[in-house]
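Residues per chain, in single letters:
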Amino acid sequence: MDNENSKMNHQPVIQALKVSNFKCLHISKTDSTEVIPSKNVENTSEENICEICTTVNDKNENECKETAKKSTELMPPPKQKPAICKSVDSIQNQRKSDSDNNEKIKDSKSENVQKISDSDTNDVNKENQSQKRWVLTDFDIGRPLGKGKFGNVYLAREKRSQFVIAMKVLYRAQIDDAKILHQVRREIEIQTHLRHPNILRMYGYFYDDKRIYLILEYAPKGELYKELNNQANKRFDEVRTATYIAQLADALKYCHSKSVIHRDIKPENLLLGLNGELKIADFGWSVHAPSSRRDTLCGTLDYLPPEMVSGKTHNHTVDFWSVGVLCYECLVGKPPFYAATNNETYINIKKLRYTFPSFVSEGARDLISKLIVIDPEKRLDMDGVLAHPWIVKNRKIDKV
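A quick note: this is a predicted structure, and the numbers were derived from the prediction, not measured.

Some points on the packing of helix 11 (residues 317-332) against helix 13 (residues 362-371)
Taken N-terminus to C-terminus, the directions of helix 11 and helix 13 make an angle of 150°; their axes are 8 Å apart at the nearest point. Along this stretch, helix 11 crosses helix 13, giving a crossing that reads as left-handed. Of the residues in helix 13, those touching helix 11 at Phe320, Trp321, Val323, Gly324, Cys327, Tyr328 and Leu331 are Ala364, Leu367, Ile368 and Leu371. A breakdown of the residues in the contact of helix 11 with helix 13 according to their chemical character gives ten nonpolar, one polar and no charged.

Here's the deal with the pairing of strand 5 (residues 211-216)
With six of six residues buried, strand 5 lies mostly within the body of the structure. Both faces of strand 5 are covered, namely the face carrying Arg211, Tyr213 and Ile215 and the face carrying Ile212, Leu214 and Leu216. Looking at chain direction, strand 3 (residues 164-171) and strand 5 are connected through six bridges and run antiparallel. Looking at the pairing, Ala166 lines up with Leu216 of strand 5. Here strand 4 (residues 202-207) pairs with strand 5 via five bridges, running antiparallel. By the bridge assignment, Tyr205 is partnered in strand 5 with Leu214. Taken together, strand 4 and the strand that follows it, strand 5, pair antiparallel across an intervening segment of three residues.

What about the sheet that holds strand 1 (residues 139-147)?
Read from one edge of the open sheet, five strands run 1-2-3-5-4, paired in antiparallel fashion. Both outer strands of the open sheet, strand 1 and strand 4, are each paired with one neighbouring strand and no more. Each strand axis lies, on average, 25° off the axis of its neighbour in the sheet, ignoring direction. Pairing of strand 1 with strand 2 (residues 151-158) involves six bridges; the strand directions are antiparallel. In the strand pairing of strand 2, Ile141 is matched with Ala156. Against the sheet, helix 7 (residues 181-191) contacts strand 3, strand 4 and strand 5, and its axis sits at roughly 20° relative to strand 5.

Re the packing of aromatic side chains
One pass over the full model with this rule turns up eleven aromatic pairs. Plain terms: the ring middles of Trp134 and Phe139 are 5.4 Å apart, the flat faces sit at 45° to each other, and that makes the pair tilted. Arranged with centres 5.4 Å apart and planes meeting at 80°, the rings of Tyr354 and Phe356 form a pair that is edge-to-face. Its relative accessible area of 23% is what places Phe356 among the partly exposed residues. Taken together, the aromatic side chains of Trp321, Tyr328, Phe337, Tyr354 and Phe356 make up a single cluster linked through ring pairs. Above the plane of the ring of Phe359 lies Arg235, whose end atom (NZ or CZ) is 4.0 Å from the centre.

Here's the deal with the packing of helix 9 (residues 238-257) against helix 11
Two packed helices can be described by the angle between their axes and the distance between those axes. Contact pair helix 9 / helix 11: the axes reach a minimum separation of 10 Å and the direction vectors enclose 165°. The angle between the axes of helix 9 and helix 11 places the two elements in the roughly antiparallel class. Like other packed secondary-structure pairs, helix 9 and helix 11 cross with a definite hand, here right-handed. The residues of helix 11 that touch helix 9, namely those facing Glu238, Thr241, Ile245, Leu248, Leu252 and His256, are Asp319, Phe320, Val323, Leu326, Cys327, Cys330 and Leu331. By residue class, the composition of the contact of helix 9 with helix 11 is nine nonpolar, two polar and two charged.

Some remarks on the UniProt feature "active site" (unreviewed entry) in the protein
In the numbering used here, UniProt assigns the feature "active site" (unreviewed entry) to Asp264. Relative to the assigned elements, Asp264 resides in the loop between strand 6 (260-261) and strand 7 (270-272).

Digging into the environment of Tyr346
Position of Tyr346 relative to the elements: it lies in helix 12 (residues 342-350). Sequence separation of Tyr346 and Leu301 is 45 residues, and the distance between their C-alpha atoms is 8.0 Å. Apart from the residues within four sequence positions on either side, Tyr346 is in contact with Leu301 and Val309.

About the thresholds
- Residues numbered from 1 in each chain as written.
- Predicted model: local features only at pLDDT ≥ 70, side-chain atom pairs only at ≥ 80, totals over all residues.
- Heavy atoms only, no water.
- Axes fitted to C-alpha atoms, helices over the stretch in contact; angles between N-to-C directions.
- Helix = DSSP H or I, 4+ residues; strand = E, 2+ residues; numbered from the N terminus.
- Left-handed = near helix turned anticlockwise from the far one by under 90°.
- Contact = heavy atoms within 4.5 Å.
- Nonpolar A, V, L, I, M, F, W, Y, C, P; charged D, E, K, R; others polar.
- Buried < 20%, exposed > 50% of the residue type's maximum accessible area, 1.4 Å probe, protein only.
- Pairing = 2+ DSSP bridges.
- Phe/Tyr/Trp six-rings, centres within 6.5 Å; stacked < 30°, edge-to-face > 60°.
- Lys NZ or Arg CZ within 6 Å of the ring centre and 35° of its normal.
- Parallel < 35°, antiparallel > 145°, perpendicular 65-115°, else oblique.
- UniProt positions renumbered as here; feature names shortened; annotations may be inferred.

Below, the structure written as structure tokens:
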């Protein structure tokens, strides 16, 4: 991957996802042909006419005075130049007057533009930021953080700000072959708009002919799955489990308020931040489904609810089921419906066939049994999880 990045000579075609709309700045141009009449111009015109009349013919003095009188009555003076010749002094005075007027107009334009610029500085900055187009050379690429079916994740750093991020690199050929481009688009659209401390941020994306690059928040402590398997008994204690489940419930409550269903909650898709806080990641199977039910079979087998296994429509309550399964796996070390074959797992899910080991407390059993329920409408919602006595008793509000 590093070799490929270093050999990239082509200019990448890039695209920045719009997070928000900003007001466009329109500065109307002042018409340069528009002249503002002034008293100086009027007086100059009157004197010029008198002088011209005197120069042409002394006998026409009365006519000159009448002409001057009429001229003062015309407000403003006509823009059309007289056909008769002018004296040198009058021409110089006229040019000076025109020059002064032009300077006033320029000063007025400059002042107006400056006022608009000062008042709209923030809007302009926001608009420029929204139009920022990332390219691969904006980042220093570091060690790999993980490997997936369609690409890899690398530690990276934005050169200008020195901000550390995780860069998910997806290979377009594999995405096209699997026909999941719409899934990638959906992941980007959903995750870039979510803002919650327990949801992994997506800052943006860009792409070239071969790859799609997702700019993600870096979670230093890695996957919850690896952390779980690193434990001596392959399981967490009740305090740690209750803390993770409370953080997950709060994040899902937020997602559901935005009509977003994750549909693939499992330890592999949950990361741990710098302070050990849980963060939902990988929204590849998520969907924005306001007031609708879905019938797509997706997610991980061990975490699938009965309605999805049976091919029925489903809604946000599929995430409630997954929370119960996750709680069980964190306490026990394996999913409740795990079996040697997929067919057995399906049967266990449909018949709700699972048991609790003796070391699982009554409080934890009560919570799990209220989440893993066949009827979706009878499952405990996320408010109920957060208020459950076992969660309230065991969760930690501070660092994990």
